[in-house]
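Summary of structural features
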Amino acid sequence: QVQLVESGGGLVQSGGSLRLSCAASGTIGSINTMGWYRQAPGKQRELVATISSRGNTNYADAVKGRFTISRDNAKNTVYLQMNSLKPEDTAVYYCGFRYNPSAFYGMNYWGKGTLVTVSS
């Protein structure tokens, strides 16, 4: 039984930084894609960043140049380094893992989320 657990969220002032971590427990196979998504109150969940097993990354336009996604396959962990945080980044951040390289199939596993609050 696989569980994804996020950590690293919290309260930070505008311009500050946070690093989120998401580690999988339980037995899993080869994860092609690890990603971060976020959802603010009253808004739809949106892509933040994804990273493939080959290291290919994708970022939402809103976070490009500020956030960096990385992964440690040996630890089944994905990270999100968030710099120059803005109040608009305030949201619950969710990690997700996907076996299939295609986003068409969606994530196979989701974390329960970690709250990031950026004060103005």
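Keep in mind that what you see is a predicted model, and the values were worked out from it rather than measured.

If you walk through the whole model with that rule in mind, you get 3 aromatic pairs. Between F104 and Y105, the aromatic rings sit 5.3 Å apart at their centres with planes inclined by 90°, giving edge-to-face as the arrangement. A relative accessible area of 70% means that F104 is categorised as exposed. The lysine or arginine in question, R45, covers the ring of Y94, its NZ or CZ lying 3.9 Å from the ring centre. The ring of W110 is capped by R45, whose NZ or CZ atom sits 4.5 Å from the centre of that ring.

What follows concerns the state of the cysteines. One way to say it: the disulfide is the covalent bond shared by the sulfur atoms of two cysteines. Applying the stated criterion to the full structure yields 1 disulfide. Covalent S-S linkage joins C22 and C95, the inter-sulfur distance amounting to 1.9 Å. Every disulfide takes its handedness from the sign of the S-S torsion; for C22 and C95 that torsion is 55°, giving right-handed. Taken together, the positions of C22 in strand β3 (residues 18-25) and C95 in strand β9 (residues 91-98) put the pair 73 residues apart, joining distant regions of the chain. One exposure class covers both C22 and C95, and it is buried.

Definitions and limits used
Residues numbered from 1 in each chain as written. Predicted model: local features only at pLDDT ≥ 70, side-chain atom pairs only at ≥ 80, totals over all residues. Heavy atoms only, no water. Phe/Tyr/Trp six-rings, centres within 6.5 Å; stacked < 30°, edge-to-face > 60°. Buried < 20%, exposed > 50% of the residue type's maximum accessible area, 1.4 Å probe, protein only. Lys NZ or Arg CZ within 6 Å of the ring centre and 35° of its normal. Disulfide = S-S within 2.5 Å. Helix = DSSP H or I, 4+ residues; strand = E, 2+ residues; numbered from the N terminus.

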